[in-house]
Amino acid sequence: MKTLIGILLMANTISLGAGASPSASYQDLTALFAEWQAFERPPLRDGAPDYTAATAATRFATLKAFQARLTRIDPHSWPVDQQVDFALVRAELNGMEFDFRVLKPWERDPAYYKSIWTEKSDTPAHEGPTHHDVVELWMYSFPLSHADERKLAKQIDNIAPLLRQARLNLTGNARDLWITGTGTMKTQVADLDALATTASKSGPELKKSISAAKQATQDFIGWLESQAPSKTGPSGVGKEHYTWALQNVFLVPMSWDEEVTLLKRELARAHASLRLEEERNRGLPELVPDANAEVHRQRGEAAVSKYMAWLRDKDILTIAEYLDPAMRAHIDPYVAPEQRNFFSIVSHHEPMALYAHFYHWFDHAWMVNAPNPSPIRRGALDFNIWDNRAEGMATAMEELILHMGYYDDNPRAREVVWIMLAQRCARGLASLYSQANEFDIQQAKAFQVEWTPRGWMHPELDLLGFEQQLYLRQPTYGTSYVTGKAMIEELIRVRSHQLGKDFTMRRFFDEFNGAGVIPVSLIRWQLTGRRADVASAETPATQ
């Protein structure tokens, strides 16, 4: 403890030394941000990222020095968009602080050490805490070139030393994280087996790397299982820590209790709206799920074509030529009835109810083809700080197109939209109770099942466990769909009142998208020019 305090004092002395007058330069901010981004990646230990306790203590001290340097930059005379960038940098530093001080995924969460990722996330970056040397298998094309074989083998070689280190680092007592994380690591064995089959004609170097990584993963799983009986503690961060992260990292001007109130209200509205829709549609034919792959493919293609034409013809948002292929590339595949999870059940009843959420792929396309001019907003923010914007907008679009008339020719489809919202509210409420340690993960899953209509979320679904594990691993993520949606609806109210007759949905969407995938409260500040209702980002830390 004395050593850590000494490091902290030394770091603050360095940062607040000579020339301590406040800076007013935006260039100082971007330079600090670039330096911090380089620092955010930990040093290496035996070729793998170093998450040991000693290194974490040193890095936390350096983080405090970065935060002290940031306080010496005074942005108040800058243009609003640059002040927003300052708030983003502060939020990112706070995100790292929350990881070091509270979340500590390298210490509490075995799933943090998963290395193999087979699919691209639909969000700007991976959902939930992820270590710094993951293998993005989806980025490789098979059969591999000789250069890619060597590159992939080198990446996979780092799995074994990382998992050896994990046994030293994982000293936490979070039982639900431990048990579910063990299950996550078992999926890595299956992924490595699949890779071995896919790369069966590759050279001996890659085959050896895959075999060694599989053995290391199996040994790690055995160790996790041997330790499991001793893990008896809660996994949630508690209400106070949750609220601090919500306000200071994700910049949502709410508390844990206020999110509970919001999600309860939205859950009631979703169920009531579903019943009203069913009453309105009484006598109309029921939706029939797709019976075969060809029907499902045709419906998916038709849904995307109709949707893109509708957005363009109704002048709802600017449709660049690259958006259509971005959406079309992710048409949902056919799934046999007995294998369908909640979202495939939805898409097999009404594809557009799910595809509206694919606003995510618009975000990806904009980030690649029309990158934000700000160096701070150009890439994906760390620590999932984008969650209430990315998930909130994708969820909002599901209901927005309903109200704008997309389903007027198919009223039964409106019912599916309300089922989607009810499911998101149910899982979000469950995640809140889990973070407060009022639910364990089994209770959270049961709550989500109970309050998802029509039995479309049932206990044996892998999706159910995945969602509640993710929301336990990443505080605020489970609520971001509904909280972000509510904040966007509020912004529509405020912006339309501000602009009056000059307000159009196309103008709103173009301004909103142009601000980047950043917290909705900051988009509100940039669009309206008013900082009111932006979360403080200065709330004292809970010790």
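Residues numbered from 1 in each chain as written. Predicted model: local features only at pLDDT ≥ 70, side-chain atom pairs only at ≥ 80, totals over all residues. Heavy atoms only, no water.

Enquirer: Which residues make up helix α21 (residues 477-499), and what are the values?
Expert: Over its 23 residues, α21 runs 32 Å from end to end, which matches the ideal 33 Å to within 8%, given 1.5 Å per residue. Glycine 500 lies just past α21 and shows a positive phi near 60°. (Helix = DSSP H or I, 4+ residues; strand = E, 2+ residues; numbered from the N terminus. Expected span 1.5 Å × (residues − 1).)

Enquirer: Give a description of empty space enclosed by the protein that names residues and reports values.
Expert: Scanning the model with the defined rule gives three cavities of 30 Å³ or more in all. Here the largest cavity defines a volume of roughly 40 Å³. For the largest cavity, the full set of lining residues is Pro124, Met367, Ile376, Arg377, Gly379, Ala380, Leu381, Trp386, Val517 and Ile518. For the lining of the largest cavity, the residue count by class is eight nonpolar, one polar and one charged. Around the second largest cavity, the lining residues are Ala48, Pro49, Ser115, His131, Asp133, Gln155, Asn158, Ile159 and Leu162. Split by residue class, the lining of the second largest cavity holds four nonpolar, four polar and one charged. (1 Å grid on protein atoms, 1.4 Å probe; cavity = no way out; pocket = protein on both sides within 12 Å on 5 of 7 lines; lining within 4 Å. Points joined across faces, edges and corners; volume = space filled by probe spheres on them. Nonpolar A, V, L, I, M, F, W, Y, C, P; charged D, E, K, R; others polar.)

Enquirer: Residue-level account of the packing of aromatic side chains, with values.
Expert: Enumeration according to the criterion identifies 37 aromatic pairs in this entry. Ring centres 5.7 Å apart and planes at 90° place the aromatic pair tyrosine 112 and tyrosine 113 in the edge-to-face group. Against the face of tyrosine 406 rests lysine 306, its NZ or CZ located 4.3 Å from the ring centre. Over the ring of tyrosine 481 we find arginine 427; its NZ or CZ atom is 4.2 Å from the centre of that ring. (Phe/Tyr/Trp six-rings, centres within 6.5 Å; stacked < 30°, edge-to-face > 60°. Lys NZ or Arg CZ within 6 Å of the ring centre and 35° of its normal.)

Enquirer: Could you give me a rundown of the nonpolar core, with the residues and numbers involved?
Expert: Tyr307 and Met397 are the most contacted members of the largest nonpolar core, which has 163 residues in total. With 13 residues, the single largest contributor to this core is helix α18 (residues 411-435). Beyond its immediate chain neighbours, meaning those up to four positions away, tyrosine 307 contacts Met327, Met352, Ala356, Phe362, Met397, Ile401 and Tyr406. (Core = buried A, V, L, I, M, F, W, Y, C linked by side-chain atoms within 4.5 Å. Buried < 20%, exposed > 50% of the residue type's maximum accessible area, 1.4 Å probe, protein only. Contact = heavy atoms within 4.5 Å.)

Enquirer: Pulling in residues and values, what's your account of the packing of helix α17 (residues 387-403) against α21?
Expert: In the contact formed by α17 and α21, the axes pass within 7 Å of each other and the chain directions differ by 65°. Taken together, the axes of α17 and α21 lie roughly perpendicular to each other. In this structure, α17 meets α21 at a crossing whose hand is right-handed. When α17 is examined against α21, the residues Asp387, Asn388, Glu391, Gly392, Met393, Thr395, Ala396, Glu399 and Leu400 are found in contact with a partner set consisting of Tyr477, Ser480, Tyr481, Gly484, Lys485, Ile488, Glu489 and Ile492. (Axes fitted to C-alpha atoms, helices over the stretch in contact; angles between N-to-C directions. Parallel < 35°, antiparallel > 145°, perpendicular 65-115°, else oblique. Left-handed = near helix turned anticlockwise from the far one by under 90°.)

Enquirer: Which residues make up the confidence of the model for the protein chain, and what values do they have?
Expert: In this model, the protein chain carries a mean pLDDT of 93, and residues with pLDDT of at least 70 account for 94%. Here residues 1-20 is modelled with pLDDT under 50, and outside its nearest four sequence neighbours on either side it reaches 20 contacts, counting other chains as well. (pLDDT = per-residue confidence, 0-100.)

Enquirer: Kindly report on the layout of surface pockets, identifying the contributing residues and their values.
Expert: Each pocket or cavity is described by its volume, and for the second largest pocket that value is around 920 Å³. Lining the second largest pocket are 43 residues, with Ala125, Thr130, His131, His132 and Asp382 sitting closest to its centre. Those elements giving two or more residues to the lining of the second largest pocket turn out to be α3 (53-71), α4 (80-103) and α16 (359-369). Residue composition of the lining of the second largest pocket, by class: 22 nonpolar, 12 polar and nine charged.

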